[in-house]
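# Survey of secondary and tertiary structure
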Amino acid sequence: MKRLIALIIAVSVILLINAVGDATAANNDPRCDDCHEWNDCERYNCVFPPTPVPTPVPFTGLIQHYAAPIRVFDHANGLRLYLVGNGEVQEGPTIPHIKEFTSWPVGMPDKEFILSSFVNELTDMPVTVTYDPVGEFLRVVTCYQDGKQYIFTIDVDNLIQYESW
C-alpha cells in the first residue's frame, strides 16, 4: 500500500513538473525571446504562433495577367478592384459600372475625369481610375512594384484593352 501511495505521488510530481513546463512554454519562457539567435528553442519548449499563410491572389476576373498589380472583378454593385503586391491581396474600392456613367442625362463632364486616386499599400505605387465620357471607358493607371507602368482601359462591355503592361 505504501508503495502504491509512493507511486501515485511520484507520478503526480512528474505530471505536475510537465504541467509547469507546458505552462512555461505556453507563456513563452523569457529565454525564448532570443532562442532563434542561439538555436536552443527546443531546450526551453518555446511555443511560437504559426506563420500566417498569405491570402491567395485571385486569378479570375477581368484581368488575366499573372503578375498584374491590380485585379478587377465584375460584381452586382460595380467593378471591384483588388490590389496585389508582395504575395498578398487587399480589397480596393468599388467603381460604378460604366453603364451608370453613360446613362447620366445631364452634368457629365465632357473630358476625362478622376473617379478614384489612391496608393496601393502593398507596392507603395499610385493607382488612378479615370472615366473618359467621349470614348465611354474607364482607364486604370498604376505601376508594378519596380515602377514599370501598368495601364489598361475597360469599356462598357467590360472588355480590357492594355495600353502598357
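Right above here is the structure, for reference.
The structure reproduced in this document is the subject of the present report. All values reported here derive from a predicted model rather than from experimental measurement. (Residues numbered from 1 in each chain as written. Predicted model: local features only at pLDDT ≥ 70, side-chain atom pairs only at ≥ 80, totals over all residues. Heavy atoms only, no water.)

### Side note on the state of the cysteines
A full pass over the atoms with the stated rule returns 1 disulfide. Two residues share a disulfide in this structure: C32 and C46, whose sulfurs sit 1.9 Å from each other. Since a negative S-S torsion denotes a left-handed disulfide, the C32-C46 link at about -90° is left-handed. Taken as a pair, C32 in the loop between α1 (2-26) and α2 (35-38) and C46 in the loop between α2 and β1 (70-75) lie far apart in primary sequence, 14 residues in all. Taking the relative accessible area as the measure of exposure, C32 reaches 1% and is therefore buried. (Disulfide = S-S within 2.5 Å. Helix = DSSP H or I, 4+ residues; strand = E, 2+ residues; numbered from the N terminus. Buried < 20%, exposed > 50% of the residue type's maximum accessible area, 1.4 Å probe, protein only.)

### Side note on the packing of aromatic side chains
Geometrically, a pair of aromatic rings is defined through the distance of the ring centres and the angle of the planes. Tallied over the full model, the rule gives 7 aromatic pairs. A centroid spacing of 6.3 Å and a plane angle of 55° characterise the contact between F152 and Y162, whose relative ring orientation is tilted. You can see F152 sitting in strand β7 (residues 149-155) and its partner Y162 sitting in strand β8 (residues 160-164), a full 10 residues away along the chain. Taking relative accessible area as the criterion, F152 reaches 0% and is therefore assigned buried. The exposure class of Y162 is partly exposed, given its relative accessible area of 25%. By the ring-pair criterion, three or more aromatic residues cluster together here, those being Y144, Y150, F152, Y162 and W165. (Phe/Tyr/Trp six-rings, centres within 6.5 Å; stacked < 30°, edge-to-face > 60°.)

### Description of the sheet that holds β1
Taken in spatial order, the 3 strands make up an open sheet running β1-β2-β3, and their pairing is antiparallel. The open sheet has two free edges, formed respectively by β1 and β3 (88-95), since each of these has just one partner strand. If you compare each strand with its neighbour and ignore which way they point, the axes differ by 25° on average. Inspection of the sheet shows β1 paired to strand β2 (residues 78-85) by 6 bridges, in the antiparallel sense. Paired with F73 across the two strands is R80, which belongs to β2. (Pairing = 2+ DSSP bridges. Axes fitted to C-alpha atoms, helices over the stretch in contact; angles between N-to-C directions.)

### Structural notes on the pattern of salt bridges
With the rule as written, the count across this model stands at 3 salt bridges. For R139, the salt bridge identified is with E112, shortest N-O distance 2.8 Å. Of the two residues, R139 is situated in strand β6 (residues 137-143) and E112 in the loop between α3 (98-102) and β4 (113-120); the sequence distance between them amounts to 27 residues. Note on R139: relative accessible area 18%, which makes it buried. (Salt bridge = Lys/Arg side-chain N within 4 Å of Asp/Glu carboxyl O.)

### Side note on the nonpolar core
Counting 22 residues, the largest nonpolar core has I70, L138, F152 and I154 as the members making the most contacts within it. Contributions of two or more residues to this core are made by β1, β2, α3, β4, β5 (125-132), β6 and β7. If near-sequence neighbours (up to four positions away) are discounted, I70 is found in contact with I63, L81, Y82, L83, V84, V127, V140, T142, Y150 and F152. (Core = buried A, V, L, I, M, F, W, Y, C linked by side-chain atoms within 4.5 Å. Contact = heavy atoms within 4.5 Å.)

### Describing the sheet that holds β7
If you walk across this open sheet you meet the 5 strands as β4-β5-β6-β7-β8, and the pairing is antiparallel. Lying at the two open borders of the sheet, with one neighbouring strand each, are β4 and β8. Between one strand and the next, the sheet's axes are offset by a mean angle of 15°, whatever the strand orientation. Pairing of β4 with β5, which is carried by 7 bridges, proceeds in the antiparallel orientation. Of the residues in β5, the one forming a bridge with N120 is M125.

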